[in-house]
Amino acid sequence: MTHTTARQWRAVRAGGPETWELAEVEVPAPAPGEVTIRVRAAGMNPADAKHVAAENGQSWPVPIGYEVSGEITAIGLDTEIGSGPAAKGDEVVTFRVQGGYATEMTVDAAKVFHKPEPLSHPEAANLLLTGTTAAEMLHVVAAKPGETILLHGASGAVGVAVLQLAALRGIHVIGTAAESSFERVRRFGGEPVAYGPGLFERAVAIAGDVPIVAALDAVGTDEAIDVSLALVADRARIVTIVSPSRAKADGFHWIAGALPDSARFRDAARAGLIAAANAGTLAVPVARTFPLTDVPAALALLAEGHAGGALALVP
């Protein structure tokens, strides 16, 4: 097999997206245990930019993008993907890779799974990072059927995944959101509550006589943390994905994909999420897609935090 070339976004030094370039790069032919994927959509996540915002001891340039959906164009000798036998032309997703903002890439076959049929490529490209994050949040607080929990940031991409996974398990979720997003929270199985002054009282009023036993933070504001601490006595049942400093100071969970325990859990959770998407019980709302060349505009919308759904790059 011969090498091919692709276009790929990469950061040439630490900083914001202004330090990124769309470069022509070599795509190596897949060795045994690898496959080459033509990217049909790349998922976009805040972590994409955070990873290269500071030095972090990494070597530059750094390819951008952790998650894609596409089709296999080449497969290494005697190679199976994470979901079993595969062939050229198969539609697949891959997660926990580097360099997904690209037209083509060669990756570890163990990280590749057949794409859920009900999902489009932009939807599938946003399934696994948010889905595994949501699954881990519910796992670390040990949320159980019949319980009531509070979710901060319920209308965001991770929040919507939490709502759906909780609904499948019979967990009642009170989710904070702007009033303009209340219908979105209800559509995915949550009970909305407006954030802002008086959140504690409003959450208690909605819960009624039922205790709120756990709190999940996907926004990172002091209000979210303070209300969580006031409502939930057991700090082992509070988790954040965005405020490690408060987690350390106040003694509750912080999870992130780069942490070894989180990585192990998220790898194990992939197959179940794909199965749920195939069954039609896990949706991935996409707000907008952008051409690969429009990364700056896409990142600007992502940074606002109010896109109303996932964003994807479509080469």
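Keep in mind it's a predicted model, so treat the numbers as computed, not measured.

1. Topic: the overall build of the protein
Phase 1 of the analysis: Within the protein one finds ten helices and 16 strands.
Phase 2 of the analysis: A compact globule built from 315 residues should have a C-alpha radius of gyration of about 20 Å, and the protein, at 20 Å, falls within 12% of that.
Phase 3 of the analysis: Once the C-alpha set of the protein is aligned to its principal axes, its extents read approximately 65 × 40 × 35 Å.
Phase 4 of the analysis: Every one of the 315 residues in the protein was classed for burial, and the buried ones make up 52%.

2. Quick notes on the pairing of strand β12 (residues 212–217)
Phase 1 of the analysis: In terms of residue burial, β12 counts as a mostly covered element, since five of its six residues are buried.
Phase 2 of the analysis: For strand β9 (residues 148–152) and β12, the ladder comprises five bridges, and the chain directions are parallel. Its bridge partner being in β12, leucine 150 is matched across the sheet by alanine 215.
Phase 3 of the analysis: In the sheet, β12 pairs with strand β13 (residues 238–240) via three bridges, with the strands oriented parallel. Paired with leucine 216 across the two strands is valine 239, which belongs to β13.
Phase 4 of the analysis: Taken together, β12, helix α7 (residues 222–231) and β13 form a β-α-β motif whose crossover is right-handed.

3. Considerations on the domain arrangement of the protein
Phase 1 of the analysis: For the protein, the domain assignment lists domain 1 (4–119 + 284–313) and domain 2 (130–254).
Phase 2 of the analysis: On a C-alpha basis, the centroid separation for the pair domain 1 and domain 2 is 29 Å.
Phase 3 of the analysis: Each partner contributes residues to the interface: domain 1 has seven residues there, and domain 2 has seven residues.
Phase 4 of the analysis: Across the contact surface, domain 1 and domain 2 share zero salt bridges.
Phase 5 of the analysis: Applying the counting rule to domain 1 against domain 2 returns one residue pair in polar contact (both at pLDDT 80 or more).
Phase 6 of the analysis: Its residues placed into classes, the side of domain 1 that touches domain 2 shows two nonpolar, four polar and one charged.

4. Some points on the sheet that holds β12
Phase 1 of the analysis: Read from one edge to the other, the open sheet built from six strands follows the order β11-β10-β9-β12-β13-β14, with strand pairing classed as parallel. Either end of the sheet is taken by a strand with one partner, and the two such strands are β11 (191–194) and β14 (253–254).
Phase 2 of the analysis: On the sheet, helix α3 (residues 128–140) packs against β9, β12, β13 and β14 and is oriented at approximately 145° with respect to β12.
Phase 3 of the analysis: The sheet contacts of helix α6 (residues 199–207) involve β9, β10 (172–177), β11 and β12, and relative to β11 the element is tilted by about 155°.

5. A word on the layout of surface pockets
Phase 1 of the analysis: Roughly 180 Å³ of internal volume is contained in the second largest pocket.
Phase 2 of the analysis: In terms of lining, the second largest pocket is formed by Gln8, Arg10, Val25, Glu26, Val27, Pro28, Pro63, Gln98, Glu104, Met105 and Thr106.
Phase 3 of the analysis: Mapped by element, the contributors of at least two residues to the lining of the second largest pocket are β1 (4–11), β2 (20–27) and β7 (104–108).
Phase 4 of the analysis: Tallied by class, the residues present in the lining of the second largest pocket amount to five nonpolar, three polar and three charged.

6. A closer look at α3
Phase 1 of the analysis: Given a rise of 1.5 Å per residue, 13 residues ought to cover 18 Å, and the 18 Å separating the end C-alpha atoms of α3 matches this to within 8%.
Phase 2 of the analysis: With respect to burial, α3 is a largely interior element, eleven of its 13 residues being buried.
Phase 3 of the analysis: Buried within α3 we find Leu128, Leu129, Thr130, Gly131, Thr132, Thr133, Ala134, Ala135, Glu136, Met137 and Leu138.
Phase 4 of the analysis: Of the residues one or two after α3, alanine 142 is the one with positive phi, at around 55°.

7. Description of the nonpolar core
Phase 1 of the analysis: If you look at the biggest cluster of nonpolar residues, it comprises 42 residues, and the most contacted ones within it are Leu127, Met137, Leu138, Ile149, Val162 and Leu216.
Phase 2 of the analysis: When residues of this core are traced back to their parent elements, those giving at least two are β6 (91–95), α3, β9, α4 (157–168), β10, α5 (182–187), β12 and α9 (260–278).
Phase 3 of the analysis: At seven residues, the largest contribution of residues to this core is made by α4.
Phase 4 of the analysis: For this core, the domains that each give at least three residues are domain 1 (4–119 + 284–313) and domain 2 (130–254).
Phase 5 of the analysis: Discounting chain neighbours no more than four positions away, the residues touching isoleucine 149 are Leu138, Ala143, Ile171, His172, Val173, Ile174, Ile212, Val213, Ala214 and Leu216.

8. Focus: empty space enclosed by the protein
Phase 1 of the analysis: One pass over the structure, following the stated rule, counts one cavity of 30 Å³ or more.
Phase 2 of the analysis: Considering only enclosed or pocket space, the largest cavity measures out at about 30 Å³ in volume.
Phase 3 of the analysis: Around the largest cavity sit Asp48, His51, Val52, Pro63, Ile64, Gly65, Tyr66 and Gln98, which together line it.
Phase 4 of the analysis: Grouping the constituent residues of the lining of the largest cavity by class yields four nonpolar, three polar and one charged.

9. Things to note about unusual backbone geometry
Phase 1 of the analysis: At the junction of tryptophan 60 and proline 61, the peptide bond is cis and its omega measures out at 0° in the coordinates.
Phase 2 of the analysis: Of note, proline 61 is situated in the loop between α1 (46–50) and β4 (62–63).
Phase 3 of the analysis: Positive phi, close to 65°, is recorded for arginine 96, a residue that is not glycine.
Phase 4 of the analysis: As for its position among the elements, arginine 96 is in the loop between β6 and β7.
Phase 5 of the analysis: The phi dihedral of alanine 142 is positive, around 55°, even though this residue is not glycine.
Phase 6 of the analysis: Along the polypeptide, alanine 142 turns up in the loop between α3 and β9.

Parameters at a glance
- Residues numbered from 1 in each chain as written.
- Predicted model: local features only at pLDDT ≥ 70, side-chain atom pairs only at ≥ 80, totals over all residues.
- Heavy atoms only, no water.
- Helix = DSSP H or I, 4+ residues; strand = E, 2+ residues; numbered from the N terminus.
- Rg over C-alpha atoms; globule rule 2.2 N^0.38 Å.
- Buried < 20%, exposed > 50% of the residue type's maximum accessible area, 1.4 Å probe, protein only.
- Pairing = 2+ DSSP bridges.
- Right-handed = clockwise from strand over helix to strand, strands pointing away.
- Domains from an automatic or database assignment.
- Contact = heavy atoms within 4.5 Å.
- Salt bridge = Lys/Arg side-chain N within 4 Å of Asp/Glu carboxyl O.
- Polar contact = N/O pair within 3.5 Å; in protein donor to acceptor, adjacent residues only side chain to side chain.
- Nonpolar A, V, L, I, M, F, W, Y, C, P; charged D, E, K, R; others polar.
- Axes fitted to C-alpha atoms, helices over the stretch in contact; angles between N-to-C directions.
- 1 Å grid on protein atoms, 1.4 Å probe; cavity = no way out; pocket = protein on both sides within 12 Å on 5 of 7 lines; lining within 4 Å.
- Points joined across faces, edges and corners; volume = space filled by probe spheres on them.
- Expected span 1.5 Å × (residues − 1).
- Core = buried A, V, L, I, M, F, W, Y, C linked by side-chain atoms within 4.5 Å.

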